[in-house]
Amino acid sequence: MTTEKDFTAGESAERMAELLPAEPHTRLLHSRGTAVTGVFHAEATAAELSTAAIFAGGPVPVVGRFSGTRGDAHGHDAHTGDQGLSVRFALPGEPVVDLTAFTLPVFFVRSGADMLEFFAAIAPDPGTGAPKPEAMTDFTDRHPEAAAALAAGSGLAPASYVSQRYHAIHAFGFIAHDGTQSWARLEWHPEVGLTGLDPVAAGRLPADYLARDLARRLPAHFGLYARLAVDGDAVHDPTALWADPPRLLRLGRLRLDRVIDDHDLDFDPLRLPTGMTAPRDRLAADRSAIYAAARRRRIR
Ligand code: HEM
């Protein structure tokens with residue numbers, strides 16, 4: 001369900017800032033993060049799926065950023081909610097390509113306007129600072145599509161940024177050399193496997209334990225996989241889980257090897273290469289516009 005009220009990207013960013021106050025000049029979400037550099041190597045399967053230059057097989061330099069969804073710049077890593085991994089593929093001579101992903105396999109809503117309703121439901125009461133469980137119940141009653149994402153959290157705190165799986169949520173179109181198009185979701189699988197921590201134990205670790213762990217764990221490797229849509233999948237619905245077991249195609253390997261300063265990176269979910277087409281869902285377009293407005297807001 002999309003709400004009657006629609007918002008411009010600028011209004012959405014202002015509304016987010018009211019609901020989830022962030023410190024000046026920090027991101028409205030994912031403010032806590034660590035940037036890294038590395039390299040991506042595509043495998044032959046990738047070039048069969050798409051003509052995109054990043055999938056041709058040579059080394060592609062990348063800049064990435066690991067982050068926690070919630071949590072301000074001084075928050076505790078055990079309490080930052082879901083984690084994000086954004087990767088910018090920077091092949092010399094080509095426009096850059098961005099892939100933003102996070103640890104949930106599906107999303108709560110289908111549009112930016114519905115996301116503002118979600119933020120309003122999870123924001124604490126402005127008078128008392130207390131959570132508002134009735135607002136969340138009201139939201140889930142009106143948005144049954146949020147159920148899969150709300151049920152997907154493991155209940156564990158992150159053990160490391162490099163031992164999580166990251167999902168890019170939207171279905172992207174992949175154009176092959178013969179012009180055929182396949183729809184798939186992209187995901188990063190950690191080579192060290194998946195681990196989590198008891199949230200109470202994690203809360204006793206240093207507040208920036210994920211950043212500290214990251215520096216120690218590099219180089220770290222992730223496989224890039226395409227989860228190909230199969231008959232019966234709600235291909236263009238970012239809130240819908242797809243068939244299980246999935247039809248996975250390994251596309252390549254990412255090596256992340258060095259922590260760098262976060263050079264005010266500005267990821268855009270629609271910064272895609274020739275050889276890939278934009279998601280058909282409304283969410284991707286709304287995100288792209290809101291991220292640009294949020295960035296203008298934080299650098300002004
Ligand atoms: C309508 C839904 C969404 C809204 C309104 C939203 C909003 C935002 C905003 C405002 C930022 C900060 C942008 C900046 O200042 O540069 C951000 C960052 C981010 N979002 Fe979203 N988001 C949404 C959905 C998603 C989804 C579906 C994903 C997962 C694929 C995601 C993953 C991320 C990540 C990983 C970052 C951090 C980017 C970085 O490291 O710079 N978001 N989001």
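Here, the structure is the one placed above.
These remarks concern the structure in this document. (Residues numbered from 1 in each chain as written. Predicted model: local features only at pLDDT ≥ 70, side-chain atom pairs only at ≥ 80, totals over all residues. Heavy atoms only, no water.)

What follows is about the site of the ligand. Taken together, 22 residues lie near the ligand, and Arg-27, Arg-65, Arg-287, Tyr-291 and Arg-298 sit nearest. In this structure, His-30 approaches the ligand through a side-chain N or O atom, which is 3.4 Å from a nitrogen atom. Contacts to the ligand include Arg-65, whose side-chain N or O atom sits 2.7 Å from an oxygen atom. Among the elements of the structure, strand S3 (83-89), strand S4 (97-102), helix H3 (112-122) and helix H8 (282-299) are those that each provide at least two residues to the shell around the ligand. Broken down by element, the shell around the ligand gets its largest block of residues, six residues, from H8. Split by residue class, the shell around the ligand holds twelve nonpolar, six polar and four charged. (Near = heavy atom within 4 Å. Polar contact = N/O pair within 3.5 Å; in protein donor to acceptor, adjacent residues only side chain to side chain. Helix = DSSP H or I, 4+ residues; strand = E, 2+ residues; numbered from the N terminus. Nonpolar A, V, L, I, M, F, W, Y, C, P; charged D, E, K, R; others polar.)

Quick look at H8 now. Here H8 is 18 residues long and its end C-alpha atoms lie 26 Å apart, about the 26 Å a rise of 1.5 Å per residue gives. Regarding H8, the residues found buried are Leu-283, Ala-284, Asp-286, Arg-287, Ser-288, Ile-290, Ala-293, Ala-294 and Arg-298. If you follow the buried residues of H8, they end up packed against helix H1 (9-19), S4 and H3. For H8, the N-terminal capping position is held by Asp-281, with its side-chain oxygen 3.1 Å away from the main-chain nitrogen of Leu-283. (Expected span 1.5 Å × (residues − 1). Buried < 20%, exposed > 50% of the residue type's maximum accessible area, 1.4 Å probe, protein only. Contact = heavy atoms within 4.5 Å.)

Glancing now at the packing of H3 against helix H4 (residues 133-142). One can describe the packing of H3 onto H4 by two numbers: an axis separation of 8 Å at closest approach and a directional angle of 155°. Judged by the angle between their axes, H3 and H4 are roughly antiparallel. Where H3 crosses over H4, the handedness of that crossing is left-handed. For the pair formed by H3 and H4, the contact residues are Asp-114, Glu-117, Phe-118, Ala-121 and Ile-122 on the first element and Ala-135, Met-136, Phe-139 and Arg-142 on the second. For the contact of H3 with H4, the per-class residue count stands at six nonpolar, no polar and three charged. (Axes fitted to C-alpha atoms, helices over the stretch in contact; angles between N-to-C directions. Parallel < 35°, antiparallel > 145°, perpendicular 65-115°, else oblique. Left-handed = near helix turned anticlockwise from the far one by under 90°.)

As paired elements, strand S7 (residues 172-175) and strand S8 (residues 181-190) share four bridges and run antiparallel to each other. Bridge pairing in S8 links Gly-173 to Trp-183. In textbook terms, the turn of a hairpin is the stretch between consecutive antiparallel strands, and for S7 and S8 this stretch comprises five residues, one of which, Gly-179, has a positive phi near 90°. Sheet analysis places S7 next to strand S12 (residues 276-277), joined by two bridges and oriented antiparallel. Paired with Phe-174 across the two strands is Met-276, which belongs to S12. (Pairing = 2+ DSSP bridges.)

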